Amino acid sequence: MTRTISVEYDLPFPPAKVWRALTEPKLLEAWLMPNDIAPVVGHKFTMRTKPMGNWDGVVHCEVLVVEPLKRLVYSWKGGAADNPGYGQPLDTVLTLTLAEKPGGTLLLLEHSGFTGENEFAFTAMSGGWRSHGGGRLKEVLESLG
Amino acid sequence: MQTVLRQSEVFRALGDPTRRAVYERLIAREETVSALTARFAVSQPAISQHLKTLREAGLVEVRREGREAHYSVDPEGLKPLFDWMAHYEKFWRSRGSKLKAVLEGLDE
């Protein structure tokens with residue numbers, strides 16, 4: 001079973017403008033992060049954020065669906081397998097749906113594909129903390145900066 | 001949102017080096033206030049205050065035995081830090097106003 005984050009942005013701007021902010025690298029960077037996106041199905045690109053723990057902070061994306069002014073879907077993958085905290089592996093999909101409304105656009109952002117793995121990893125680790133958790137914890141705390 | 005609040009509490013609690021050292025000690029073993037005081041060369045009230053903060057953040061639990069309070073790590077305590085999903089939810093919510101600012105700057 002996977003979980004989805006849904007966030008709705010009520011924007012007083014027409015879909016054409018919103019679409020630009022989603023698909024032009026410079027504009028996308030201004031509200032999200034540095035990237036080399038292009039609204040072309042199959043285009044592979046990256047987003048760059050702050051490294052966390054053993055993860056270099058690079059999100060690997062591939063454009064899956066392009067319906068100009070209506071819908072944009074791309075994969076969102078990142079993380080490091082040996083990362084115990086933030087930045088553990090993520091294999092998710094971001095779906096952006098634009099709906100025109102009087103005076104603006106309703107942008108629905110759905111980040112889907114989160115598995116229960118975080119919790120499983122946590123449960124598995126919590127058993128180990130008392131016996132040999134010190135070193136691992138230290139890594140986590142260090143990764144917090 | 002609950003998780004996000006808990007997260008910042010945990011960050012705050014572990015942000016202090018002495019508190020972090022106390023917490024790491026408690027991972028290794030259960031301790032009393034006096035044992036911790038002796039170990040860390042900090043006054044007893046200071047140790048008690050650190051333990052209070054750690055308890056309020058859900059990181060440490062206490063077990064009373066006679067007149068002594070024994071402190072140990074609550075294994076659930078660090079859970080908020082592992083909730084990558086909560087991190088993303090907060091991240092996306094926080095981006096709405098930035099997106100609006102970008103759109104405001106665009107020409108017709």
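Everything discussed here concerns the structure shown above.
(A) The overall build of chain B, seen in detail. When its secondary structure is counted, chain B shows six helices and three strands. Order of helices (α) and strands (β) in chain B, N terminus to C terminus: α-α-β-α-α-β-β-α-α. Intrachain contacts of chain B at a sequence separation of at least 6 include 54% that bridge at least 24 residues.

(B) A look at the packing of helix α3 (residues 33-40) of chain B against helix α4 (residues 44-56) of chain B. Residue and element names in this part refer to chain B. Relative orientation of the contacting elements α3 and α4 amounts to 115°, with a least axis distance of 9 Å. By the criterion of interaxial angle, the relationship of α3 to α4 is roughly perpendicular. By crossing handedness, the relation of α3 to α4 is classed as right-handed. Where α3 approaches α4, its residues V33, L36, T37 and F40 are matched on the opposing element by Q44, I47, S48 and L51. The residue inventory of the contact of α3 with α4, partitioned by class, reads five nonpolar, three polar and no charged.

(C) Just helix α2 (residues 17-28) of chain B, in detail. Residues and elements named next belong to chain B. In this model α2 runs 17 Å from its N-terminal to its C-terminal C-alpha over twelve residues, within 8% of the 16 Å that 1.5 Å per residue would give. Those residues of α2 that fall on the buried side of the exposure criterion are R19, V22, Y23 and L26. Summarising the axial view, the buried residues of α2 lie within an arc of 100°, below the 170-degree limit, and thus occupy one face. Away from its buried face, by an angle of more than 90 degrees, α2 presents the exposed residues P17 and A28.

(D) Fine view of the sheet that holds strand β2 (residues 60-65) of chain B. Residue and element names in this part refer to chain B. Strand order in the open sheet made by the three strands is β1-β3-β2, with antiparallel pairing throughout. The outermost strands of the open sheet, each flanked by one partner alone, are β1 (31-32) and β2. Where β1 and strand β3 (residues 68-73) come together, two bridges link them in antiparallel fashion. Note on β3: the bridge partner recorded for E31 is Y71.

(E) Region of interest: the environment of T53 of chain B. Residue and element names in this part refer to chain B. Looking at the element boundaries, T53 is found in helix α4. Residue classification places T53 among the partly exposed residues on the basis of 18 C-beta atoms within 10 Å. Put simply, T53 and A13 are 40 residues apart on the chain and 6.3 Å apart in space, counted from C-alpha to C-alpha. Those residues in contact with T53, other than ones at most four positions away along the chain, are A13 and R19.

(F) Fine view of the pairing of β2 of chain B. Residues and elements named next belong to chain B. Of the pairings in the sheet, the one linking β2 to β3 comprises six bridges and is antiparallel in character. Within β3, the residue paired with V62 across the bridge is Y71. In this antiparallel pair of consecutive strands, β2 and β3, the connection spans two residues, and G66 shows a positive phi of 65°.

(G) Focus on the packing of α2 of chain B against α3 of chain B. Residue and element names in this part refer to chain B. Contact pair α2 / α3: the axes reach a minimum separation of 11 Å and the direction vectors enclose 125°. Here α2 lies oblique to α3, going by the angle between them. By crossing handedness, the relation of α2 to α3 is classed as right-handed. Of the residues in α3, those touching α2 at T18, A21, V22 and R25 are L36, R39 and F40. For the contact of α2 with α3, a count of residues per class yields four nonpolar, one polar and two charged.

Reading the values: rules and limits
- Residues numbered from 1 in each chain as written.
- Chains lettered and ligands numbered in written order.
- Predicted model: local features only at pLDDT ≥ 70, side-chain atom pairs only at ≥ 80, totals over all residues.
- Helix = DSSP H or I, 4+ residues; strand = E, 2+ residues; numbered from the N terminus.
- Contact = placed C-beta atoms within 7 Å.
- Axes fitted to C-alpha atoms, helices over the stretch in contact; angles between N-to-C directions.
- Parallel < 35°, antiparallel > 145°, perpendicular 65-115°, else oblique.
- Left-handed = near helix turned anticlockwise from the far one by under 90°.
- Nonpolar A, V, L, I, M, F, W, Y, C, P; charged D, E, K, R; others polar.
- Expected span 1.5 Å × (residues − 1).
- Buried ≥ 20, exposed ≤ 12 C-beta atoms within 10 Å, placed from the backbone.
- Arc of directions from axis to C-beta.
- Pairing = 2+ DSSP bridges.

Scope: geometric values only; no functional claims are made or implied.
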